[in-house]
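# Results of the structural survey
Now for the letters of each chain:
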Amino acid sequence: MTLPILLACLAGVLVGVSRQVNGRLSLSTSPLIASFWNHIVGFVALSILGLSIGGLIPEGAADAPWHAYLGGSIGVVFVAAGSWLIARIGAVNTALLVIGGQMVSGVALDVLQGVSAGLLASVLGVALILAGMALTQRRR
């Protein structure tokens, strides 16, 4: 169990570093150029990894529904928006905004699907995240 936990922590650190690099690159160029380079480097790295260990194109990929491939377009918008936001509100506030958005979206999807188990805890979690975000915006 230790290895998956360490890998998850490493992934979190790498996401933070990636956002910082993209934010800095967007200051020098633009958020769209930062997003472009993020995706080019990721594409090349993952293609090399996929070709070297196999399984680059899994079985049944052609049979997937069209909306399964929207993740790439959504990712471009997400990375570009993150690069733009980091330059304006900082890395910590951007991370809080992303986490808060994920929590709110998750609770909204649970409500739309009729899932009631743990709904109170989820709403309380969203309220705490929003309260934390409000506290960071207070003037000293």
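Preceding block: the structure.
Bear in mind that the values here come from a model prediction, so they are computed numbers and not experimental data.

### Things to note about the overall build of the chain
A count of helical and extended segments in the chain gives five helices and zero strands. Seen in sequence order, the chain has helices and strands lined up from the N terminus as α-α-α-α-α. Here the C-alpha atoms of the chain give a radius of gyration of 18 Å, more than 25% beyond the 14 Å that 2.2 N^0.38 yields for 140 residues. Its C-alpha atoms give the chain principal-axis dimensions of roughly 50 × 45 × 35 Å. For the chain, the proportion of its 140 residues judged to be buried stands at 15%. Contacts in the chain between residues at least 24 apart in sequence constitute 57% of all its contacts with a sequence separation of at least 6.

### Some points on the packing of helix α3 (residues 71-89) against helix α4 (residues 91-113)
The N-to-C vectors of α3 and α4 enclose an angle of 135°; their axes lie 7 Å apart at closest approach. In terms of orientation, α3 lies oblique with respect to α4. Here the hand of the crossing between α3 and α4 comes out right-handed. Judged by residue contacts, Phe 78, Gly 82, Leu 85, Ile 86 and Ile 89 of α3 engage Ala 91, Asn 93, Thr 94, Leu 97 and Val 98 from α4. When the residues that make up the contact of α3 with α4 are grouped by side-chain class, the tally is seven nonpolar, three polar and no charged.

### Considering the packing of aromatic side chains
Using the criterion set out here, one finds one aromatic pair in the structure. Centre to centre, the rings of Phe 36 and Trp 37 are 5.5 Å apart; their planes meet at 80°, and the pair counts as edge-to-face. Residue class for Trp 37 comes out partly exposed when judged on its relative accessible area of 46%.

### Re α4
Between the first and last C-alpha of α4 there are 33 Å, a value that for 23 residues agrees with the 33 Å anticipated at 1.5 Å per step. Along α4, the residues classified as buried are Thr 94, Val 98, Gly 100 and Val 107. Structurally, α4 contributes buried residues whose contacts are with α1 (2-28), α3 and α5 (119-136). Downstream of α4 by one or two residues, Gly 114 has phi in the positive range, about 80°.

### Quick notes on the side chain of Ser 35
Within the fold, Ser 35 resides in helix α2 (residues 31-53). What makes Ser 35 buried here is its relative accessible area of 3%. Excluding residues within four positions of it along the chain, Ser 35 makes contact with Val 76, Val 79 and Ala 80.

Conventions used here
Residues numbered from 1 in each chain as written. Predicted model: local features only at pLDDT ≥ 70, side-chain atom pairs only at ≥ 80, totals over all residues. Heavy atoms only, no water. Helix = DSSP H or I, 4+ residues; strand = E, 2+ residues; numbered from the N terminus. Rg over C-alpha atoms; globule rule 2.2 N^0.38 Å. Buried < 20%, exposed > 50% of the residue type's maximum accessible area, 1.4 Å probe, protein only. Contact = heavy atoms within 4.5 Å. Axes fitted to C-alpha atoms, helices over the stretch in contact; angles between N-to-C directions. Parallel < 35°, antiparallel > 145°, perpendicular 65-115°, else oblique. Left-handed = near helix turned anticlockwise from the far one by under 90°. Nonpolar A, V, L, I, M, F, W, Y, C, P; charged D, E, K, R; others polar. Phe/Tyr/Trp six-rings, centres within 6.5 Å; stacked < 30°, edge-to-face > 60°. Expected span 1.5 Å × (residues − 1).

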